[in-house]
Amino acid sequence: MGRVNNSLASWMHKRPKVRLLALLAAPGLWLVIAYLGALGALLITAFFTINNFTGDTIPGFSLGNFHDMVTDPAYRNVMFRTLGIALSVTLICSVIAIPMAFFMAKVAKPRSQKFLVALVLTPLWASYLVKIYAWRSMLEPKTGVIDWLLSPLGIHSPGFGGPAIIIGLSYLWLPYMILPIYAGLERLPNSLLDASGDLGAHNFYTFRKVILPLIFPSLVAGSMFTFSLSLGDYITAQIIGGKLQMLGNVVYQNFSINLPFAATIATIPVTIMALYLWLVRRTGALASL
Amino acid sequence: MRESAEITVSIRNLSRSFGAIKAVNHVDLDIYSGEFLTLLGPSGSGKTTVLRIIAGFEKPDEGTIHLGGKDVSQLPPYERDVNTVFQDYALFPHMNVLSNIEYGLRVQRIEKTERKARAEQALEQVRLSGYGDRKPAQLSGGQRQRVALARALVNRPSVLLLDEPLGALDLKLREQMQIELKELQREVGITFIFVTHDQEEALTMSDRIAVFNQGRIEQIGTPREIYENPQSAFVSEFVGQTNKILFEGKRINIRPEFISVSKSKESGDRTLTGLLKDAIFVGASTRFLVDAENGEQVISVKPLEDLSIGDSVILSWESKKEFLA
């Protein structure tokens, strides 16, 4: 057995291409079958139709679903609403994450740094559903925690709806924004900040001209999480969104009654994400990621 | 000259601790306008902390710093008329060379044509004309060093602080930069405060050297004063090499290059005989290791002599070259 292994090893040693192929076979298959395969199936199904009477899927090529989606203003509204929510969540997460990550990476002592990273990660150990139901009980009008605590101060819970979804999703995805920015700031030498101040720049100028451009790739990395995860979400909208629907909810509803149409709707977030990545690529941020 | 020269930086009773470590311990120091002053000492001796306090990156626990007569002890870095060349150069990686140099001028809102002209001139001063649109990553260590220098000098500060700026360069480049830096300093006439742990560098470049040890200044003086008349055992050992010899019942200190080794000739009023134990050829000079008759081991550094190992030799030197400490 050992001899067979040895001869195989030396045979492989002389053939770097075979070696590379063997190494990449498993991830390659996974990528092609599980990932691109599912995406391909989605795209193909989007062009199918259904038998209106039986509800059976009829394979074929029809642009009818796309026509319905584009012409019905209800779907357009859902699309823009979802886009707006995903952008707001990304913006809120960035605004909160940058100072937090800065404190963790540049201000906190090395020992508390590790502790803070652990703290940021802790919410990820809890189930998604638990966290959203927790927000539900916080946001509940009148009986919820927020109204109970803050109504004496004249502050009321926004109730269930768009703002609640944005709050819930921002809470859920915040760690995914903090961690890449923290990593980016940790790589940023302190001497650059000293140098900027030394050359006469106030802190805000240093932030705009030195820190922000240098952590931009990290910000993009974080935004890919917050943006795409928000774009595809439907559970949060179901639990704390009131009557408000996101694209995911439309897909979920149509899944059992009109599968091809669900697939058509699902191409929207995929397309938006592709556009987003293309835009990001043009800024050059991916190159230094 | 010292009497008439104006004091640019005046440090009084400066102290700074990090935890239990007293990094800077009651330091007083006056720095004259236009001089090249080196803060020399081993790592952890407090020299870099003093520099960072002058720049404003660290606040002193105690004491004051006056810059051009004005107390700046509590001012942030951006309100001090000093600029720094950092050990790792700290060039902004996302800006090209010209933007790096223009940074300070842009902050001061100097209008574009003057800004460009001054930046180009600074680039020329460090002999990097034509490199303006390169990114720092496309430059060699020595070139980055020069950009850092230009970026600081273009602001025409009253004091330039240099934190071991030659530390990352190889020996040849380092020696070349030492000469260039000194020339540049004469040319621009700005006060340079230079931090290094390399005693040769300090001796080559400085008008004066302040030798640091454990947060205090052990001695301050011209390179010659420091070298030829060290005031403490620490200075004599840190700067140059020293023979400590028991001579006629008295412990004396003498530099190896002041001791002659010969088979018969004496040069100087002190003599000692011994056996040549080893001779190490190091280019321009040779290190002779001699076992003296009184049991001491003596090192002499002199041009190559016609001696062989095992020869009995005469060591001789001038008593005025000895120092106490």
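Looking now at the interface of chain A and chain B. In this assembly, 19 residues from chain A lie in contact with 22 residues from chain B. Carbon and sulfur atoms make up 63% of the surface buried where chain A meets chain B, a total of about 1,700 Å² over both sides. Considering only the surface of chain A that becomes buried against chain B, Asp-194, Asp-198 and Leu-199 of chain A emerge as the three largest contributors, covering 39% of it. Seen at the junction of chain A and chain B, the total is 1 salt bridge. Notably, a salt bridge pairs Asp-194 of chain A with Arg-52 of chain B, separated by 3.3 Å at the nearest N-O pair. Our count for the contact surface shared by chain A and chain B stands at 7 residue pairs in polar contact (both at pLDDT 80 or more). Within the side of chain A that touches chain B, the residues separate by chemical class into 9 nonpolar, 7 polar and 3 charged.

Residue and element names in this part refer to chain B. At Asn-13, a position not held by glycine, the phi torsion is positive, near 55 degrees. Take Asn-13: it is sitting in strand E1 (residues 7-18). Asn-13 sits in the partly exposed class, given a relative accessible area of 33%. Here Tyr-89, not a glycine, exhibits a phi torsion of approximately 70 degrees, which is positive. Residue position: Tyr-89 is located in the loop between strand E6 (82-85) and helix H2 (97-107). A residue is classified by how much of its surface remains accessible, and Tyr-89, at 7% relative accessible area, is buried.

Moving on to the nonpolar core. The tendency in soluble globular proteins is for nonpolar side chains to be buried side by side. By size, the foremost hydrophobic cluster in this structure holds 74 residues, and its most contacted members are Ile-181 of chain A together with Ile-11, Leu-39, Tyr-103 and Ile-193 of chain B. Leu-123, Leu-139, Ala-148 and Val-154 of chain B belong to the second largest nonpolar core, which has 33 residues in total.

This part is about helix H5 (residues 110-121) of chain A. Residue and element names in this part refer to chain A. Across its 12 residues, H5 extends 17 Å between first and last C-alpha, which sits within 8% of the 16 Å expected from 1.5 Å per residue. For H5, the set of buried residues is Gln-113, Val-117 and Val-120. Looking straight down H5, one finds that the buried residues subtend no more than 65 degrees of arc, so they occupy a single side. Along H5, the residues that are exposed and aim more than 90 degrees away from the buried face are Arg-111, Lys-114 and Phe-115. Contacts from the buried residues of H5 go to helix H4 (73-107) and helix H8 (162-187).

All names here are of chain B. Along its sequence, chain B is carved into domain 1 (7-236) and domain 2 (241-321). For domain 1 versus domain 2, the separation of C-alpha centres amounts to 39 Å. Contacts between the two partners involve 4 residues from domain 1 and, on the opposite side, 4 residues from domain 2. The three residues of domain 1 that bury the most area against domain 2 are Tyr-227, Glu-228 and Ser-236, which together make up 89% of that side's buried surface. Seen at the junction of domain 1 and domain 2, the total is 4 residue pairs in polar contact (both at pLDDT 80 or more). A per-class count over the side of domain 1 that touches domain 2 returns 3 nonpolar, 1 polar and no charged.

What follows concerns the domain arrangement of chain A. When its domains are assigned, chain A resolves into domain 1 (2-35) and domain 2 (72-288). Centre-to-centre, using C-alpha coordinates, domain 1 of chain A lies 40 Å away from domain 2 of chain A.

Another aspect to go through is the environment of Ser-127 of chain A. Residue and element names in this part refer to chain A. Mapped onto the elements of the fold, Ser-127 is located in the loop between H5 and helix H6 (128-139). Residues Ser-127 and Asn-190, spaced 63 residues apart in sequence, show a C-alpha to C-alpha distance of 37 Å. There is a polar contact of 3.1 Å between the side chain of Ser-127 and the backbone nitrogen of Leu-129.

The end-to-end C-alpha distance of helix H13 (residues 259-283) of chain A is 37 Å, a good match for the 36 Å that 25 residues give at a rise of 1.5 Å each. Phi for Gly-284 of chain A, located one or two positions after H13 of chain A, is positive at around 85 degrees.

As a further point, take the packing of H4 of chain A against H8 of chain A. Residues and elements named next belong to chain A. Two elements in contact, H4 and H8, have axes separated by 6 Å at closest approach and are oriented at 40 degrees. The angle between H4 and H8 falls in the class oblique. Crossing geometry of H4 relative to H8 is assigned as right-handed. Split into classes, the residues belonging to the contact of H4 with H8 amount to 22 nonpolar, 4 polar and 2 charged.

A few words now on the pattern of salt bridges. One pass over the structure, following the stated rule, counts 20 salt bridges over all chains. Within the structure, one salt-bridge network assembled from shared partners comprises Asp-194 of chain A together with Arg-16, Arg-52, Glu-58 and Asp-61 of chain B.

It is worth spelling out the sheet that holds strand E13 (residues 260-262) of chain B at this point. All names here are of chain B. The 5 strands lie next to each other as E13-E17-E14-E15-E16, forming an open sheet whose pairing is antiparallel. On the outer flanks of this sheet lie E13 and strand E16 (297-302), each paired with one strand and no other. Between one strand axis and the next, the sheet turns by 40 degrees as a mean value, whatever way the strands run. Bridge analysis of strand E15 (residues 286-292) against E16 gives 6 bridges, and the strand direction is antiparallel. Considered in E16, the bridge of Asp-291 is made with Gln-297.

A word on the packing of aromatic side chains. Evaluated as defined, the whole model comprises 17 aromatic pairs over all chains. Measuring from centroid to centroid gives 5.6 Å for Phe-36 of chain B and Phe-192 of chain B, while their planes differ by 40 degrees, and the two rings are tilted. With a gap of 156 residues between them, Phe-36 of chain B in strand E3 (residues 36-40) and Phe-192 of chain B in strand E8 (residues 191-196) connect regions that are remote in the sequence. The pair formed by Phe-36 of chain B and Phe-192 of chain B is uniform in burial state, with each residue classed as buried. Considering the side-chain rings of Phe-92 of chain B and Tyr-103 of chain B, the 4.6 Å spacing of their centres and the 45 degrees angle between planes classify their relative orientation as tilted. Here the residue Phe-92 of chain B occupies a position in the loop between E6 and H2, and Tyr-103 of chain B occupies one in helix H2, the gap between them amounting to 11 residues. Note on Tyr-103 of chain B: relative accessible area 2%, which makes it buried. Pairwise contacts between aromatic rings join Tyr-128, Trp-173, Tyr-176 and Phe-225 of chain A into one cluster. Of note, Lys-321 of chain B hangs over the ring of Phe-258 of chain B, and the distance from its end group to the ring centre comes to 4.6 Å.

Moving on: a nonpolar patch on the surface. All names here are of chain A. A cluster of nonpolar side chains, contributed by Leu-29, Leu-31, Val-32, Ile-33, Tyr-35, Leu-36, Leu-39 and Val-270, occupies part of the molecular surface with about 780 Å² of accessible area. Examining the composition of the nonpolar patch, we find that 7 residues originate from one element, helix H2 (residues 16-45), more than from any other. Turning to its location among the elements, Ile-33 is positioned in helix H2.

Here chain A averages 88 in pLDDT, while 97% of its residues score no lower than 70. Put simply, helix H1 (residues 2-13) of chain A is where chain A has its lowest mean pLDDT, 77, and helix H9 (residues 190-198) of chain A is where it has its highest, 95.

Scoring rules and cut-offs
- Residues numbered from 1 in each chain as written.
- Chains lettered and ligands numbered in written order.
- Predicted model: local features only at pLDDT ≥ 70, side-chain atom pairs only at ≥ 80, totals over all residues.
- Heavy atoms only, no water.
- Contact = heavy atoms within 4.5 Å.
- Buried area = accessible area lost by both parts, 1.4 Å probe.
- Salt bridge = Lys/Arg side-chain N within 4 Å of Asp/Glu carboxyl O.
- Polar contact = N/O pair within 3.5 Å; in protein donor to acceptor, adjacent residues only side chain to side chain.
- Nonpolar A, V, L, I, M, F, W, Y, C, P; charged D, E, K, R; others polar.
- Helix = DSSP H or I, 4+ residues; strand = E, 2+ residues; numbered from the N terminus.
- Buried < 20%, exposed > 50% of the residue type's maximum accessible area, 1.4 Å probe, protein only.
- Core = buried A, V, L, I, M, F, W, Y, C linked by side-chain atoms within 4.5 Å.
- Expected span 1.5 Å × (residues − 1).
- Arc of directions from axis to C-beta.
- Domains from an automatic or database assignment.
- Axes fitted to C-alpha atoms, helices over the stretch in contact; angles between N-to-C directions.
- Parallel < 35°, antiparallel > 145°, perpendicular 65-115°, else oblique.
- Left-handed = near helix turned anticlockwise from the far one by under 90°.
- Pairing = 2+ DSSP bridges.
- Phe/Tyr/Trp six-rings, centres within 6.5 Å; stacked < 30°, edge-to-face > 60°.
- Lys NZ or Arg CZ within 6 Å of the ring centre and 35° of its normal.
- Patch = residues over 30% accessible without salt bridge, like charges linked within 9 Å, V, L, I, M, F, W, Y side chains within 5 Å.
- Areas by Shrake-Rupley, 256 points an atom, 1.4 Å probe, with all protein chains shown as cover.
- pLDDT = per-residue confidence, 0-100.

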